[in-house]
Amino acid sequence: MWDYLAERVIKEGEYIIETLSTVRATAKYFGISKSTVHKDVTERLKNVDAKLFEEVRMVLDKNLSERHIRGGMATKRKYSH
C-alpha cells in the first residue's frame, strides 16, 4: 500500500475514534466521498493497523445500531418547526 494511502486510512480511523464520528461526518471532515471512507476503515485499515481497526469497528457497529434512532429524531425535528 502506498504511504499516503496508509496515512489517510490511519488519520480517518483516529478521527472516528476521537470524535465517535459516523462515516458520513468523517467524509465531510476530510473532504472525500463516503464510499472512500467506508472502504478505508472497513478493508484497508485492517491491513495497516489491526488494533485501530478493531476500535473503529466498535464505533461503527454502535453507530449502525443507533442509526434508526437518529433518523427518527431528524424527522421529528423537521416536522416540529
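Everything that follows concerns the structure shown earlier in this document.
Parameters at a glance
Residues numbered from 1 in each chain as written. Predicted model: local features only at pLDDT ≥ 70, side-chain atom pairs only at ≥ 80, totals over all residues. Heavy atoms only, no water. Helix = DSSP H or I, 4+ residues; strand = E, 2+ residues; numbered from the N terminus. Buried < 20%, exposed > 50% of the residue type's maximum accessible area, 1.4 Å probe, protein only. Contact = heavy atoms within 4.5 Å. Areas by Shrake-Rupley, 256 points an atom, 1.4 Å probe, with all protein chains shown as cover. Lys, Arg positive; Asp, Glu negative; His and termini not counted. Charge placed at Lys NZ, Arg CZ, Asp CG, Glu CD. 1 Å grid on protein atoms, 1.4 Å probe; cavity = no way out; pocket = protein on both sides within 12 Å on 5 of 7 lines; lining within 4 Å. Points joined across faces, edges and corners; volume = space filled by probe spheres on them. Expected span 1.5 Å × (residues − 1). Bend = angle between axes of the 7 residues up to and from the residue. Arc of directions from axis to C-beta.

1. Notes on the overall build of the protein chain
Okay, step 1: What the protein chain contains, in helices and strands, is four helices and zero strands.
Okay, step 2: Secondary structure elements of the protein chain occur, N-terminal to C-terminal, as α-α-α-α.
Okay, step 3: Dimensions of the protein chain, computed from C-alpha atoms along their principal axes, come out at roughly 50 × 25 × 20 Å.
Okay, step 4: Taking all 81 residues of the protein chain together, the buried fraction comes to 27%.
Okay, step 5: Of the contacts formed within the protein chain by residues at least 6 apart in sequence, a portion of 55% connects residues at least 24 apart.
Okay, step 6: Only carbon and sulfur atoms are counted for the fraction: they give 57% of the accessible area of the protein chain, which is about 5900 Å².
Okay, step 7: Side chains of the protein chain carry 16 positive and 12 negative charges; the gap between the two charge centres is 12 Å.

2. Let's talk about the layout of surface pockets
Okay, step 1: Here the largest pocket is characterised by a volume of approximately 380 Å³.
Okay, step 2: Lining of the largest pocket is provided by T22, V23, R24, H38, T42, R57, L60, N63, L64, R67 and R70.
Okay, step 3: Those elements that provide at least two residues to the lining of the largest pocket are α2 (23–30), α3 (34–48) and α4 (50–80).
Okay, step 4: The dominant element in the lining of the largest pocket, judged by the number of residues it contributes, is α4, at six residues.

3. Describing α3
Okay, step 1: The end-to-end C-alpha distance of α3 is 20 Å, a good match for the 21 Å that 15 residues give at a rise of 1.5 Å each.
Okay, step 2: The sharpest bend along α3 comes to roughly 40°, located at D40.
Okay, step 3: All of the buried residues along α3 are V37, D40, V41, T42 and L45.
Okay, step 4: Of the surrounding secondary structure, the elements contacted by the buried residues of α3 are α1 (3–19), α2 and α4.

4. Quick word on the environment of A6
Okay, step 1: Mapped onto the secondary structure, A6 falls in helix α1.
Okay, step 2: Its relative accessible area of 19% is what places A6 among the buried residues.
Okay, step 3: Apart from the residues within four sequence positions on either side, A6 is in contact with M1 and V48.

5. Examining α2
Okay, step 1: Within α2, the full set of buried residues consists of V23, T26 and A27. The buried residues of α2 occupy an angular sector of 100° when the element is viewed end-on, so they sit on one face. Exposed residues lying more than 90 degrees from the buried face of α2 are R24, K28 and Y29.
Okay, step 2: For α2, the secondary structure elements touched by its buried residues are α1, α3 and α4.
Okay, step 3: Where α2 ends, the next residue or the one after it, G31, has phi of about 70°, a positive value.

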